[in-house]
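Reading the structure
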Number of protein chains: 2
Amino acid sequence: MKNKVTSVHRITSDAAGNPLRWLNQFQAEFETADGRHGTWAFSSRRAAPVLGAGPLAADAVVIVPIWKSADETRLVVVREFRIPLGDYEYGFPAGLRDGDEPIADTAARELREETGLELTKVLRTSPAIASSAGLTDEAVRILIVECRGTPSADHCEGVEDIEVRLMDQQAVLQLASSDEKISGKAWPTMLMFGLVGFEIDGLEG
Amino acid sequence: MKNKVTSVHRITSDAAGNPLRWLNQFQAEFETADGRHGTWAFSSRRAAPVLGAGPLAADAVVIVPIWKSADETRLVVVREFRIPLGDYEYGFPAGLRDGDEPIADTAARELREETGLELTKVLRTSPAIASSAGLTDEAVRILIVECRGTPSADHCEGVEDIEVRLMDQQAVLQLASSDEKISGKAWPTMLMFGLVGFEIDGLEG
């Protein structure tokens with residue numbers, strides 16, 4: 001059965017009837033191939049979500065930083081306060097593109113701002129991937145990169161509350177096997193590096 | 001700097017002032033350790049989100065099904081219509097727990113409903129992982145499982161629009177390296193199996 005969305009309207013607004021600044025809730029109506037109709041609620045950071053067959057718009061990047069020194073390799077993991085959880089979450093550095101900035105530049109900038117580390121090589125870039133496509137049109141690209149330097153939170157912006165950790169393979173596997181709060185995009189990647197190590201054939205590609 | 005959430009209020013409601021049924025938008029106020037205040041918008045499927053240091057509540061499971069026959073191993077991937085995208089997305093079978101149902105039972109039930117396949121073994125269960133912790137408190141558990149049988153969409157519920165594919169390692173890597181719309185929780189797992197294959201030391205654990 002082929003479904004399609006027939007209409008979308010915004011249900012949140014400010015006093016003047018305009019979209020809220022950071023996030024809005026929408027109601028979609030859809031139709032199934034056999035003619036049934038239904039509604040679906042979702043959230044979007046866009047004032048007017050673009051639904052359909054075009055490419056997903058990914059305005060954010062998640063950076064998976066593999067840190068290398070002369071004799072060690074580590075995975076860079078951040079522990080960050082997340083307001084919707086009211087608690088700390090383990091994940092990777094992330095951030096929003098500035099306008100039309102190339103995403104490798106976004107990754108280098110956000111990695112520097114959140115961790116003080118220097119991006120030296122982009123190994124792999126994901127397609128635009130959806131955070132939770134039943135709930136939101138939010139999408140990001142994951143960039144797996146190599147980096148170097150000494151971690152520092154000195155470049156951190158305003159209200160960010162971030163701690164940076166360099167974890168070896170065993171620590172990464174331990175974290176992925178724990179009951180800690182972990183980002184859903186980060187956990188499978190932590191599991192991979194925790195099980196397989198940091199030297200994976202074909203990772204650069 | 002340690003942040004904390006000081007209040008949360010719901011900004012969406014029905015005509016009677018009650019929470020909407022499936023999704024609501026909330027406004028949190030937070031305070032930083034150095035005394036600055038701010039607001040943050042987020043979405044929740046809960047009528048009253050529980051923020052704080054307790055465990056994340058994961059009411060949904062994502063099932064990563066490794067299909068085995070006498071002589072072949074494949075990854076089960078679904079292509080599903082997602083209303084917030086208005087398009088199809090590649091990912092894994094997923095679904096909501098029925099009340100206090102053990103999550104391995106949820107995984108077996110949803111796998112059967114969405115693919116017709118029989119769960120034979122749970123290899124690994126993730127902690128509760130957050131879909132996108134800047135935007136929502138939604139959390140899920142990922143269960144990596146083994147399964148068998150013949151794919152069929154016959155058990156599909158109502159409006160679901162799902163196609164099931166059994167992919168070998170090369171097809172999985174090709175998908176992860178494509179520009180297709182892919183679930184953010186699925187892509188890193190697809191990359192892992194695509195690069196490393198289905199026999200990974202320590203995966204069961």
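Residues numbered from 1 in each chain as written. Chains lettered and ligands numbered in written order. Predicted model: local features only at pLDDT ≥ 70, side-chain atom pairs only at ≥ 80, totals over all residues. Heavy atoms only, no water.

Description of the packing of helix 2 (residues 169-176) of chain A against helix 3 (residues 187-196) of chain A
Residue and element names in this part refer to chain A. Inclusion rule: Inter-axis angles, ranging from 0 to 180 degrees, are taken between N-to-C directions of lines fitted to C-alpha atoms, where helices are fitted over the stretch in contact. Only DSSP runs of H or I reaching four residues or more are called helices, and only runs of E reaching two or more are called strands; each is numbered from the N terminus. Orientation categories follow fixed angle ranges, with anything under 35 degrees roughly parallel, anything over 145 roughly antiparallel, 65 to 115 roughly perpendicular, and all other angles oblique. Note on convention: near helix rotated counterclockwise from far helix by under a right angle means a left-handed crossing. Clockwise means right-handed. A contact between two residues is defined here by any heavy atoms of the two lying within 4.5 Å. Residue polarity follows a fixed list, in which Ala, Val, Leu, Ile, Met, Phe, Trp, Tyr, Cys and Pro are nonpolar, Asp, Glu, Lys and Arg are charged, and the others, Gly among them, are polar.
As a packed pair, helix 2 and helix 3 sit with axes 8 Å apart at the nearest point and diverge in direction by 135°. It follows from the interaxial angle that helix 2 and helix 3 lie oblique. The crossing of helix 2 and helix 3 is left-handed. Here Q169, V172, L173, L175 and A176 of helix 2 lie close against helix 3, whose contacting residues are W187, M190, L191, F193, G194, L195 and V196. Looking at the contact of helix 2 with helix 3 residue by residue, the class counts come to 10 nonpolar, 2 polar and no charged.

Quick look at the relation of the copies chain A and chain B
Our working definition: The copies were overlaid by least squares, fitting only the C-alpha atoms of residues that reach a pLDDT of 70 or more in each copy.
When chain A is fitted onto chain B, the two copies agree to an RMSD of 0.0 Å after a turn of 180° and an axial shift of 0.0 Å. Expressed as an axis order, the relation between the two copies is that of a two-fold axis. Same-surface contact between copies: 100% of interface residues of chain A are shared with the interface of chain B.

Things to note about the packing of aromatic side chains
Two numbers describe a pair of aromatic rings. These are the distance of the centres and the angle of the planes. Residue and element names in this part refer to chain B. What counts, and what does not: Any two rings among Phe, Tyr and Trp, with Trp reduced to its six-membered ring, count as a pair given centres within 6.5 Å; such a pair is stacked if its planes are under 30 degrees apart, edge-to-face if over 60, and tilted if neither. Relative accessibility decides the category of a residue: with a 1.4 Å probe and only protein chains considered, values under 20% of the type maximum give buried, values over 50% give exposed, and everything between is partly exposed.
Scanning the entire structure with this criterion turns up 6 aromatic pairs over all chains. When the centroid spacing of 5.6 Å and the interplanar angle of 20° are considered together, the rings of F26 and F42 count as stacked. With F26 in strand 2 (residues 24-31) and F42 in strand 3 (residues 37-44), the pair connects residues that are 16 residues apart, well separated along the chain. Across the pair, F42 and F26 agree in class, each one buried. With a centroid separation of 5.7 Å and an interplanar angle of 40°, the aromatic rings of F193 and F198 are classed as tilted.

Some words on the sheet that holds strand 3 (residues 37-44) of chain A
Residues and elements named next belong to chain A. Put simply, the rule reads: Two strands form a pair only when DSSP identifies at least two bridges running between them.
Taken in spatial order, the 3 strands of this open sheet run 1-2-3, and their pairing is antiparallel. At either margin of the open sheet sits one strand with a lone partner, and together these are strand 1 (4-10) and strand 3. Looking at each pair of strands side by side, their axes are set apart by 25° on average, direction ignored.

Re the sheet that holds strand 3 of chain B
Note on sheets: strands pair through backbone hydrogen bonds, and any given pair is parallel or antiparallel. Residue and element names in this part refer to chain B. Read from one edge to the other, the open sheet built from 3 strands follows the order 1-2-3, with strand pairing classed as antiparallel. Looking at the sheet topology across the chains shown, the edges are occupied by strand 1 (4-10) and strand 3. Sheet twist, expressed as the average angle between the axes of neighbouring strands with direction ignored, equals 25°.

Quick word on the interface of chain A and chain B
Heads up, the rule is: Computed with a 1.4 Å rolling probe, the buried area is the accessible surface lost when two parts are put together, summed over both parts. Here, a salt bridge means any Lys or Arg side-chain nitrogen found within 4 Å of an Asp or Glu carboxyl oxygen. The definition of a polar contact used here is a pair of N or O atoms within 3.5 Å, where within protein one atom must be able to donate a hydrogen and the other to accept one, and adjacent residues in sequence count solely through side-chain atom pairs.
Between chain A and chain B, the contact holds 79 residues from the first and 79 residues from the second. Of the roughly 6,500 Å² buried at the junction of chain A and chain B (both faces included), carbon and sulfur atoms supply 64%. Our count for the chain A to chain B interface comes out at 0 salt bridges. Applying the counting rule to chain A against chain B returns 24 residue pairs in polar contact (both at pLDDT 80 or more). Class assignment of the residues belonging to the side of chain A that touches chain B gives a composition of 39 nonpolar, 21 polar and 19 charged. The sheet contact formed by strand 9 (residues 129-130) of chain A and strand 12 (residues 182-183) of chain B spans 2 bridges and is parallel. Each residue of the ladder has a partner; that of A130 of chain A, found in strand 12 of chain B, is S183 of chain B.

A look at helix 1 (residues 103-115) of chain B
All names here are of chain B. Note the threshold: Here the expected length of a helix is defined as 1.5 Å per residue gap, with one fewer gap than residues.
In this model, helix 1 (13 residues) spans 18 Å end to end at C-alpha, consistent with the 18 Å of a helix rising 1.5 Å per residue. In this structure, the buried side of helix 1 is in contact with strand 4 (60-68), strand 5 (73-82), strand 7 (94-96), strand 8 (118-125), strand 10 (139-148) and strand 11 (162-167). Immediately downstream of helix 1, the backbone of G116 shows phi near 80°, a positive value.

Observations concerning the pattern of salt bridges
Counting across every chain of the model gives 34 salt bridges over all chains. Between R109 of chain A and E113 of chain A there is a salt bridge, with its nearest N and O atoms 3.5 Å apart. Taken together, the residues span about one helical turn, with R109 of chain A and E113 of chain A both in helix 1 (residues 103-115) at a distance of 4 residues. Accessibility expressed as a relative area gives 16% for E113 of chain A, which makes it buried. For E146 of chain B, the salt bridge goes to K68 of chain B, with nearest N and O atoms at 3.5 Å. Pair noted here: E146 of chain B is in strand 10 and K68 of chain B is in strand 4, with a separation of 78 residues, a long-range link. Residues joined in a network through salt bridges with shared partners are D98, E101, R109, E110 and E113 of chain A.

Let's talk about the nonpolar core
We apply this condition: What is meant by a nonpolar core is a set of buried Ala, Val, Leu, Ile, Met, Phe, Trp, Tyr and Cys residues, joined one to another through side-chain atoms within 4.5 Å.
By size, the foremost hydrophobic cluster in this structure holds 56 residues, and its most contacted members are M190 of chain A together with M190 of chain B. With near-sequence residues (within four places) excluded, M190 of chain B lies in contact with L75, V77, Y90, G91, F92, V172, L175, A176 and I182 of chain B.

A look at the confidence of the model for chain A
Just so we agree on the cut-off: A residue's pLDDT is the predictor's confidence in that residue, given on a scale from 0 to 100.
Averaged over every residue, the pLDDT of chain A is 93; residues scoring 70 or more account for 96%. Interface confidence for the predicted complex, expressed as ipTM, amounts to 0.93; the pTM equals 0.94.

Details of the pairing of strand 3 of chain B
All names here are of chain B. Bridge count for strand 2 against strand 3 is 8 bridges, and the pairing is antiparallel. For N24, the partnering residue across the bridge sits in strand 3 and is S44. Where strand 2 folds back onto strand 3 in an antiparallel hairpin, the turn is made up of 5 residues, including G35, whose phi is positive at roughly 90°.

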